Amino acid sequence: MFEEMTPTEFSGLRQNGELWQLIDVREPWEVETASVAGASCIPMAEIVHRLDELDRSKPIAVLCHSGGRSARVAAFLCENGFDSVANISGGIDAWSQQIDPTIPRY
């Protein structure tokens, strides 16, 4: 099962040097509107065909707009053998509010 993590918690892990993969499962137009530096964009509809792009040796955090799509993808990753998976609760919208107010809200 995946864990829920706030943007603040995830940002703290990154600042402490933990090497998490950040996967943004929103559509490309959404990523163009608002994005987090260092995130890889793999739209939710493509994740099933792009699992080989993910490093199974590193923990994965999944991000979307508000946390719904990313929770579904996080559950899918766990069902497919990924051990350390987290959902960024509140998504990019919460990230903008908690971490970086320069990221546009939409």
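None of these values were measured; they are calculated from a predicted model.

Burial along strand β2 (residues 21-24) is two-sided: Gln21 and Ile23 facing one way and Leu22 and Asp24 facing the other are all buried. Strand direction decides the pairing type here: β2 and strand β4 (residues 60-63), joined by four bridges, are parallel. Opposite Gln21, over in β4, you have Ile60 as the bridge partner. Where β2 and strand β3 (residues 40-41) come together, two bridges link them in parallel fashion. Among the inter-strand pairings, Asp24 is bridged to a residue of β3, identified as Cys41.

Any covalent bond linking the sulfur atoms of two cysteines counts as a disulfide. Inspection of every chain in the model, using the stated rule, returns zero disulfides. A disulfide-free cysteine, Cys64 has its sulfur positioned 12 Å from the sulfur of Cys41, the nearest such atom. In this structure Cys78 is not part of a disulfide, and its nearest cysteine sulfur, from Cys64, lies 15 Å away.

Tallying each qualifying case throughout the model produces three aromatic pairs. Arranged with centres 6.0 Å apart and planes meeting at 55°, the rings of Phe10 and Trp95 form a pair that is tilted. Taken as a pair, Phe10 in helix α1 (residues 7-15) and Trp95 in helix α4 (residues 91-98) lie far apart in primary sequence, 85 residues in all. For the pair Phe10 and Trp95, a shared accessibility class is recorded, and that class is buried. Plain terms: the ring middles of Trp29 and Tyr106 are 5.9 Å apart, the flat faces sit at 65° to each other, and that makes the pair edge-to-face. Highlighted residues: Trp29 in helix α2 (residues 28-33) and Tyr106 in the segment after α4, separated in sequence by 77 residues.

The rules behind the values
- Residues numbered from 1 in each chain as written.
- Predicted model: local features only at pLDDT ≥ 70, side-chain atom pairs only at ≥ 80, totals over all residues.
- Heavy atoms only, no water.
- Buried < 20%, exposed > 50% of the residue type's maximum accessible area, 1.4 Å probe, protein only.
- Helix = DSSP H or I, 4+ residues; strand = E, 2+ residues; numbered from the N terminus.
- Pairing = 2+ DSSP bridges.
- Disulfide = S-S within 2.5 Å.
- Phe/Tyr/Trp six-rings, centres within 6.5 Å; stacked < 30°, edge-to-face > 60°.

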